[in-house]
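Next come the chains, spelled out residue by residue.
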Amino acid sequence: MMTREEVFEGLHEVFWDVFDDEDIQIRDETTANDIEDWDSLEHINLVVAVEKKFNIKFNMGEVNNMKNVGEMADIILKRV
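Please read these numbers as outputs of a predicted model, since none were measured by experiment.

Asker: Which residues make up a nonpolar patch on the surface, and what values go with them?
Answerer: On the surface, a nonpolar cluster with roughly 270 Å² of combined accessible area is contributed by L41, I44 and V48. Inspection of the secondary structure puts L41 in helix α2 (residues 40–54). When its relative accessible area of 54% is taken as the criterion, L41 is described as exposed.

Asker: Which residues make up the side chain of H12, and what values do they have?
Answerer: Its place among the elements puts H12 in helix α1 (residues 4–19). Here I26 takes part through its backbone nitrogen, which lies 3.0 Å from a polar atom of the side chain of H12. The contacts of H12, once residues within four sequence positions are left out, are I24, Q25 and I26.

Asker: Break down the environment of E36 for me, with residues and values.
Answerer: As for its position among the elements, E36 is in the loop between α1 and α2. Of the residues examined, E36 reaches a relative accessible area of 80% and is grouped as exposed. As for E36 and F19, which are separated by 17 residues in sequence, their C-alpha atoms are 9.1 Å apart.

Asker: Residues and numbers for the pattern of salt bridges, please.
Answerer: In the structure shown here, the tally under the stated rule is six salt bridges. A salt bridge links D74 to R4; the shortest N-O distance between them is 2.6 Å. With D74 in helix α4 (residues 69–79) and R4 in helix α1, this pair connects stretches of sequence that are 70 residues apart. Exposure remark for D74: the relative accessible area of 34% places this residue in the partly exposed category. Its salt-bridge partner being E13, residue K53 comes within 2.5 Å of it at the nearest N-O pair. Taken together, the residues K53 in helix α2 and E13 in helix α1 connect sequence positions 40 residues apart.

Asker: Could you give an account of the environment of A32, naming the residues involved and the relevant values?
Answerer: Relative to the helices and strands, A32 is located in the loop between α1 and α2. Look at A32 and you get partly exposed, because its relative accessible area is 31%.

Asker: Give me the lowdown on the packing of α1 against α2, citing residues and values where you can.
Answerer: In the contact formed by α1 and α2, the axes pass within 10 Å of each other and the chain directions differ by 140 degrees. Our classification of the angle between α1 and α2 gives oblique. Remark: the crossing between α1 and α2 carries right-handed chirality. Taking contact as the criterion, the partners of V7, G10, L11, E13, V14, F15, V18 and F19 in α1 are, on α2, E42, N45, L46, A49, V50, K53 and F54.

Thresholds, definitions, all that
Residues numbered from 1 in each chain as written. Predicted model: local features only at pLDDT ≥ 70, side-chain atom pairs only at ≥ 80, totals over all residues. Heavy atoms only, no water. Patch = residues over 30% accessible without salt bridge, like charges linked within 9 Å, V, L, I, M, F, W, Y side chains within 5 Å. Areas by Shrake-Rupley, 256 points an atom, 1.4 Å probe, with all protein chains shown as cover. Salt bridge = Lys/Arg side-chain N within 4 Å of Asp/Glu carboxyl O. Helix = DSSP H or I, 4+ residues; strand = E, 2+ residues; numbered from the N terminus. Buried < 20%, exposed > 50% of the residue type's maximum accessible area, 1.4 Å probe, protein only. Polar contact = N/O pair within 3.5 Å; in protein donor to acceptor, adjacent residues only side chain to side chain. Contact = heavy atoms within 4.5 Å. Axes fitted to C-alpha atoms, helices over the stretch in contact; angles between N-to-C directions. Parallel < 35°, antiparallel > 145°, perpendicular 65-115°, else oblique. Left-handed = near helix turned anticlockwise from the far one by under 90°.

Structure representation (structure tokens):
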């Protein structure tokens, strides 16, 4: 069972990788508006990278309904 902190550590690695920026700090309330390069294409790359990192698969409803990083972390926590 992973902790929320461990999920966020993993998410930080994915965000740094996808956006090629190790200065990015994500929080529960972080959204695409907070990260300059986070557009629809990068969102797909991010979702795929998160799925690989945590060995899960999001369904389309989850992908479409995620409002922020905290919601993404909640879904991951339910799956791992």
